[in-house]
Amino acid sequence: LLYISDSQLLLAGTAKGSNAAIPSLGDESLADNEDLDGFVTMLDPATGAIIGAKRLINQQEAGVVEQVEGVCQSSDGSSLYVVGTVGGLAAGSSGEMTSTTTIDKNKSKTRVIIWKLDLDLNIQWTKELAATDGPIS
């Protein structure tokens, strides 16, 4: 939960299924399957009314968990940063990893992901961080 202003309160979390606060993407095979998906929902703090919502789900396959772990706001107040974990390719991801090493997504474990969103909950960019097999140096 992040207080943004007198007119904006951000709820971020992980859930299964959909409703007004956790929108479906229209593709029921992906949006309402049995896995857990990350979401962000903007509320009016005075009334609790939903202003907007975004589901942060895997765009490539069902059965992958996207879990939101935390959220913060940029120092100028114009952006939100959401951090979590994911398997597969997450919403907004180009598939490009931040590591210089090629990663086999079929073998990689859960990865850390960071989404940058504007205050209208549009994804500005996504970065994924993953370990590769072998020793860590």
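The sections below set out a description of the structure shown in this document. What you are looking at is a predicted structure, and each value in this text was computed from that prediction instead of being measured.

### A closer look at the overall build of the protein
Next up, step 1: For the protein, the helix and strand inventory stands at 1 helix and 8 strands.
Next up, step 2: In the protein, the order of α-helices and β-strands from amino to carboxyl end is β-β-α-β-β-β-β-β-β.
Next up, step 3: Here the protein holds 137 residues, and the buried ones make up 39% of them.
Next up, step 4: Relative to all contacts within the protein whose residues are 6 or more apart in sequence, the contacts with residues 24 or more apart total 59%.
Next up, step 5: Accessible area for the protein stands at about 7,500 Å²; split by element, carbon and sulfur atoms hold 50% of it.

### Side note on the nonpolar core
Next up, step 1: L10, V40, L80, V82, L117 and L121 are the most contacted members of the largest nonpolar core, which totals 14 residues.
Next up, step 2: Secondary structure elements with two or more residues in this core: β1 (2-5), β3 (37-43), β6 (79-86) and β7 (111-118).
Next up, step 3: For V82, the contacting residues outside a window of four places in its chain are V40, L56, V68, G70, V71, I113, I114, W115 and L117.

### Let's talk about the environment of S78
Next up, step 1: Position of S78 among the secondary structure elements: in the loop between β5 (66-73) and β6.
Next up, step 2: Note: C-alpha distance between S78 and L119 (41 residues apart in sequence) is 6.4 Å.
Next up, step 3: When residues no more than four places from it in sequence are discounted, the contact partners of S78 are D118 and L119.
Next up, step 4: In terms of polar contacts, S78 uses its side chain to reach the side chain of D76, at 2.8 Å.

### Focus: unusual backbone geometry
Next up, step 1: The backbone phi angle of L121 is positive, close to 70 degrees, even though this residue is not glycine.
Next up, step 2: For L121, a relative accessible area of 3% puts it in the buried group.

### Side note on the pairing of strand β4 (residues 50-56)
Next up, step 1: By the bridge criterion, 6 bridges tie β3 to β4 in an arrangement that is antiparallel. Across the sheet, G38 pairs through a bridge with L56, a residue of β4.
Next up, step 2: Connecting the antiparallel pair β3 and β4 is a turn made up of 6 residues, with G48 showing a positive phi of about 80 degrees.

### A look at the pattern of salt bridges
Next up, step 1: Inspection of the entire model under this criterion finds 1 salt bridge.
Next up, step 2: Taking the shortest distance from any N to any O, the salt bridge between R55 and D37 comes out at 3.0 Å. Taken together, the residues span a long stretch of sequence, with R55 in strand β4 and D37 in strand β3 at a distance of 18 residues.

### What to know about the sheet that holds strand β8 (residues 123-129)
Next up, step 1: Read across the open sheet, the 4 strands follow the order β5-β6-β7-β8; overall the sheet is antiparallel. Whereas interior strands pair on both sides, the edge strands pair on one side only; in this sheet they are β5 and β8. Taken over all neighbouring pairs, the strand axes of this sheet differ in orientation by 20 degrees on average, direction set aside.

### Some points on the pairing of β3
Next up, step 1: Along β3, 7 of the 7 residues are buried, which leaves the element largely enclosed by surrounding structure.
Next up, step 2: Of the two faces of β3, the one holding D37, F39, T41 and L43 and the one holding G38, V40 and M42 are both buried throughout.

### Here we look at the sheet that holds β3
Next up, step 1: Strand order in the open sheet made by the 4 strands is β1-β2-β3-β4, with antiparallel pairing throughout. If you trace the sheet from one side to the other, it starts and ends with β1 and β4, each paired once. When strand polarity is set aside, the average angle formed by the axes of neighbouring strands in this sheet is 20 degrees.

Criteria and cut-off values
Residues numbered from 1 in each chain as written. Predicted model: local features only at pLDDT ≥ 70, side-chain atom pairs only at ≥ 80, totals over all residues. Heavy atoms only, no water. Helix = DSSP H or I, 4+ residues; strand = E, 2+ residues; numbered from the N terminus. Buried < 20%, exposed > 50% of the residue type's maximum accessible area, 1.4 Å probe, protein only. Contact = heavy atoms within 4.5 Å. Areas by Shrake-Rupley, 256 points an atom, 1.4 Å probe, with all protein chains shown as cover. Core = buried A, V, L, I, M, F, W, Y, C linked by side-chain atoms within 4.5 Å. Polar contact = N/O pair within 3.5 Å; in protein donor to acceptor, adjacent residues only side chain to side chain. Pairing = 2+ DSSP bridges. Salt bridge = Lys/Arg side-chain N within 4 Å of Asp/Glu carboxyl O. Axes fitted to C-alpha atoms, helices over the stretch in contact; angles between N-to-C directions.

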